Amino acid sequence: MSIGVTIRYHNILRRGAGLDEEVLRLPAGSSVADVLSQLVTARAALQSLLFTEAGDVASHVVVFRNQKLVTHDALETRLVDGDEIKLFPAISGG
Amino acid sequence: MRRHVPQRGDRVAETMTTHPYKGYAGQWLHVDLTSGLLESRPYDRGMAEQYLGGNGFGARLLWEHMGPEVDPLAPESLLVFSTGPLCGTLVPNPGRMEVVAKSPLTGIYGDSNTGGFLGPELKFAGWDAVVVVGRSSHPVYLAISDSTIELRDARRLWGQTTSATEHLIRVIWGDQAVKTATIGPAGENGVLFSGIQTTPQRSAARCGLGAVMGSKLLKAVAVRGHGAIPVADPDRFHQVAVDLHQRLRANPIFEAVAAHGTPGIVSMMDALGRFPTRNFQMGSFPDVEAINAEALEARAFVRHLACFGCPVACDKLYTLPDGPYAGTSLRSVEYETLNAMGAAVWNADLDTILEANRLCDELGMDTISAGRAISFAMELWEQEILNLEDTDGLALHWGDRDVILTLLERMARREGDFAALLSRGVRQAAQAIGRGAEEYAMHVKGMAIAAQDGRAQKSMGLAHVTSNRGADHLKAFPTIDETGYPDEARRRYGEDYLPEMAQPLATKHKPYLVKDGEDFGAVVDSTGVCKSGGTFVLAEIYWSDVAAALEAATGMEMPVERLKRIGERIYNLQRCYNVRHGITRADDRLPRRFSEDPSPSGNARGETIQLKDMLDEYYELRGWDKVTGWPTRAKLQELGLEDVIEELDL
């Protein structure tokens, strides 16, 4: 059993990924953290953009799941089929 | 009339030797357009020590010379162009200057900050500030070539666009390096949200300061300078500046900010539900991908550009390669304009947004307030409050591209009754229209709310109501809690303030965030550096860094506590200026929509904003009376503002 999760990249993460969006197939029960790990397996350029040298998710990566902000202490949140993940660098302003 | 104002000769030499601080030119230029008087005045030592420069200098002059009895568009009104002691130096992003006047849009304190190259050029010419009063008998422009000052006939420039005006002045002058501040037809025609355009295509856009300039028949200020800015301790200053540059470049967000500039936040703000859509009915735009940074880059990006001394280079040059506006070329396309001419008016056509941006730049109008006037009108049309008889025959359907561009042209020229009405801003227009129109006027104290939604970021809602120039994100500029990114909050405020300080929907600690941001922002805007290149965006440069830079540049002893006191003094003085104009706590409020209509969008879905508790805590932190919202006698005494106490009879 697997789930499909749509990943949408923004800003320098889009450049790093080399595409706007993609659909990942993951095992049922996968988490946001699992998504991030799988992304860098397929796209090495994302490694330094998403993770620290120590292997932790970089704190300046902002994650939305279905238009809701996912804080880094909730990266183990389980995903379901059809979820959308948006990834941004933590730029601010206005 | 042509005057040689002795600068490094007898009179000013005396000024320079009595003014103890470096980093300043040591003098400001007083211009009386009624009499033609052009005069060098010494930069007062106390002014530097108490207010630094920039908007501190402007606020103090307004307090002393512009009481409630002075109409912002009367000859007696002051218009202040003011740099600061770090402007034009080696620290990062030192290209900013402040324009200060009483706002004809809001009737209270007004200022607008602009980047580019004009501020440094003014200091290189030997002037910290230019203060204009009076009204000329015919259109003129002020030409400053180092110490030679001239009021030149501008009758042939009157009616020209901002870029044409700059071009013609440079041709006449015979020097393409001349920097200018110009108004377009909107400022000439008294549009209450007209701005002042500065080299190169930057804008002191908000508060209607272009109308103040136009009321004086002052078409432009043109500057050429060849001097230098001495600093007190060159070795230490160099060390401080290099350290700040290196830290900025090492910041993990630096590349992302540099990649797209402010358009880079469009999609994130949309996901947060903080991207006003259809006049704040929604906080997310279904077609956001058509107008975000990536779309802009793909459609029109040419190259990166930077303001004076900026390592970030958030500015970009854009050109439309084809289509109805083929050849349109402009820079400084900002997040705010993508919202105001895009989502806010339900327009997903990027070409139209760029053309609207170009029109506003050329005609000399604030894109935010101009766009908000259109979205306000479109909602009134949707609500059937307006009909064709009211609108001079325009059907104001959401997203109608022709209507957007037509209204911009008409507003700038005040052509037709309806456009003339909108050119007074949403508050005055709503009051004149009646029939429930005020419900849809999204403003605070007469200033249209920019592209933030307090329901999606609670600190921003508070910041909108406590800003001294009416609704504004840039006074407190609470960037720390926009994205949930904790590192900046931790670096500035420590672990004790987490996690709420970094959470956009949390209210805890936000009065402190706003108060601290306002005080720090007052200092930043008084030194001549940028809020988007390290002090707020990137949040790398903070109180101790600015204090170190000021100390090395000026020679003024500047412990952090003293600098904080200066920021607090400036902010309190501006508030007192507004108190003198009748502002109370009752004016510190958002439109009903924000407190009663839950956001339908993004991360903010279901959220409203309730200000009472945050405001109580904010006034308490400020030492202001919670009932009136006025600074207390004790607070003003603490800040050394005894003359203000006397004037307000506190």
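Coordinates for the structure precede this section.
Residues numbered from 1 in each chain as written. Chains lettered and ligands numbered in written order. Predicted model: local features only at pLDDT ≥ 70, side-chain atom pairs only at ≥ 80, totals over all residues.

J.: Please explain the overall build of chain B as it appears in this structure.
T.: Scanning chain B for helices and strands turns up 27 helices and 18 strands. For a compact globule of 650 residues, the expected C-alpha radius of gyration is about 26 Å, and chain B comes in at 23 Å, within 12% of that figure. Each principal axis of the C-alpha distribution contributes one length, and for chain B these read about 65 × 60 × 50 Å. Out of the 650 residues belonging to chain B, those deemed buried represent 63%. (Helix = DSSP H or I, 4+ residues; strand = E, 2+ residues; numbered from the N terminus. Rg over C-alpha atoms; globule rule 2.2 N^0.38 Å. Buried ≥ 20, exposed ≤ 12 C-beta atoms within 10 Å, placed from the backbone.)

J.: Please clarify how the overall build of chain A should be interpreted in this entry.
T.: Helices and strands together make up the secondary structure of chain A, namely 3 helices and 5 strands. Along chain A, helices (α) and strands (β) appear in the sequence β-α-β-α-α-β-β-β when read from the amino end. Relative to the 2.2 N^0.38 estimate, which gives 12 Å for 94 residues, the radius of gyration of chain A is 12 Å and therefore close to what a compact globule would have. Its C-alpha atoms give chain A principal-axis dimensions of about 40 × 25 × 25 Å. Intrachain contacts of chain A at a sequence separation of at least 6 include 57% that bridge at least 24 residues. (Contact = placed C-beta atoms within 7 Å.)

J.: I would appreciate a short explanation of the nonpolar core in the present structure.
T.: Nonpolar side chains tend to gather and get buried jointly when the protein is soluble and globular. In terms of nonpolar packing, the biggest core is built from 243 residues, with V80, V130, V131, Y141, A222, V257 and A377 of chain B touching the most fellow members. The contacts of A222 of chain B, once residues within four sequence positions are left out, are Y141, L142, A143, I144, I169, W173, V178 and T180 of chain B. (Core = buried A, V, L, I, M, F, W, Y, C linked by C-beta atoms within 7 Å.)

J.: It is not clear to me how the sheet that holds strand 4 (residues 68-70) of chain A should be interpreted in this structure. Could you clarify?
T.: The pairing of strands in a sheet happens through backbone hydrogen bonds and is either parallel or antiparallel. Residue and element names in this part refer to chain A. The strand order 2-1-5-3-4 describes an open sheet built from 5 strands, whose pairing is mixed. Looking at which strands have only one partner, the edges of the open sheet turn out to be strand 2 (21-27) and strand 4. Ignoring which end each strand starts from, the neighbouring axes of this sheet average 30 degrees apart. Sheet topology places strand 3 (residues 61-65) next to strand 4; 3 bridges connect them, and they run antiparallel. When the bridges of strand 4 are listed, R65 appears paired with K68. Against the sheet, helix 2 (residues 32-42) contacts strand 1 (2-9), strand 2, strand 3, strand 4 and strand 5 (84-89), and its axis sits at roughly 115 degrees relative to strand 2. (Pairing = 2+ DSSP bridges. Axes fitted to C-alpha atoms, helices over the stretch in contact; angles between N-to-C directions.)

J.: Just to check I follow, could you spell out unusual backbone geometry for this structure?
T.: Phi is mostly negative for residues that are not glycine, and the peptide bonds are mostly trans. Note that the residue after T199 of chain B, namely P200 of chain B, is joined by a cis bond; omega there is -5 degrees. Along the chain, P200 of chain B turns up in the loop between strand 11 (196-198) and strand 12 (202-204). Residue P499 of chain B follows L498 of chain B across a cis peptide bond; omega there is 10 degrees. Its identity is not glycine, yet N11 of chain A carries a phi of approximately 55 degrees, on the positive side. Along the polypeptide, N11 of chain A turns up in the loop between strand 1 and helix 1 (12-17).

J.: Before we go on, may I ask you to explain the interface of chain A and chain B in this structure?
T.: As a measure of interface size, the accessible area lost when the parts come together is often cited. At the junction of the two partners, chain A supplies 21 residues and chain B supplies 31 residues. Taken together, the elements giving at least two residues each to the side of chain A that touches chain B come down to helix 1, strand 3, strand 4 and strand 5 of chain A. Tallied by class, the residues present in the side of chain A that touches chain B amount to 9 nonpolar, 9 polar and 3 charged. (Nonpolar A, V, L, I, M, F, W, Y, C, P; charged D, E, K, R; others polar.)

J.: Help me understand the environment of P252 of chain B in this model?
T.: Mapped onto the elements of the fold, P252 of chain B is located in the loop between helix 8 (234-250) and helix 9 (254-260). Assessed through the 17 C-beta atoms surrounding it within 10 Å, P252 of chain B is described here as partly exposed. Placed 176 residues apart in sequence, P252 of chain B and E76 of chain B show a C-alpha to C-alpha distance of 49 Å. If we ignore the near neighbours within four places in the chain, the residues touching P252 of chain B are A58 and H60 of chain A.

J.: It is not clear to me how the sheet that holds strand 16 (residues 329-331) of chain B should be interpreted in this structure. Could you clarify?
T.: Residue and element names in this part refer to chain B. A sheet is described by the order of its strands in space; here 3 strands give the open sequence 14-15-16, paired in antiparallel fashion. In the strand order of this sheet, the two ends are held by strand 14 (301-305) and strand 16, each with one partner. Between one strand axis and the next, the sheet turns by 15 degrees as a mean value, whatever way the strands run. Across 4 bridges, strand 14 lies against strand 15 (residues 315-319) in antiparallel orientation. Paired with L305 across the strands is D315, a residue of strand 15.

J.: Sorry if this is basic, but what is going on with the packing of helix 14 (residues 367-382) of chain B against helix 17 (residues 425-433) of chain B here?
T.: Pairs of packed helices are described in terms of their axes, by the angle between the two and the distance that separates them. Residues and elements named next belong to chain B. In the contact formed by helix 14 and helix 17, the axes pass within 9 Å of each other and the chain directions differ by 30 degrees. Overall, the two elements helix 14 and helix 17 adopt an arrangement that is roughly parallel. Residues S369, R372, A373 and F376 of helix 14 form the contact with helix 17, whose own contacting residues are G425, V426 and A429. Taken together, the residues of the contact of helix 14 with helix 17 break down into 4 nonpolar, 2 polar and 1 charged. (Parallel < 35°, antiparallel > 145°, perpendicular 65-115°, else oblique.)

J.: Is there a simple way to explain helix 23 (residues 560-580) of chain B in this structure?
T.: Turn by turn, an α-helix covers 3.6 residues, leaving residues three or four places apart pointing in a common direction. All names here are of chain B. For helix 23, spanning 21 residues, the distance from its first C-alpha to its last is 30 Å, which sits close to the expected 30 Å at 1.5 Å a residue. Across the 21 residues that make up helix 23, a large majority, 15, are buried. Of the residues flanking the end of helix 23, it is G582, one or two places downstream, whose phi is positive at about 95 degrees. (Expected span 1.5 Å × (residues − 1).)

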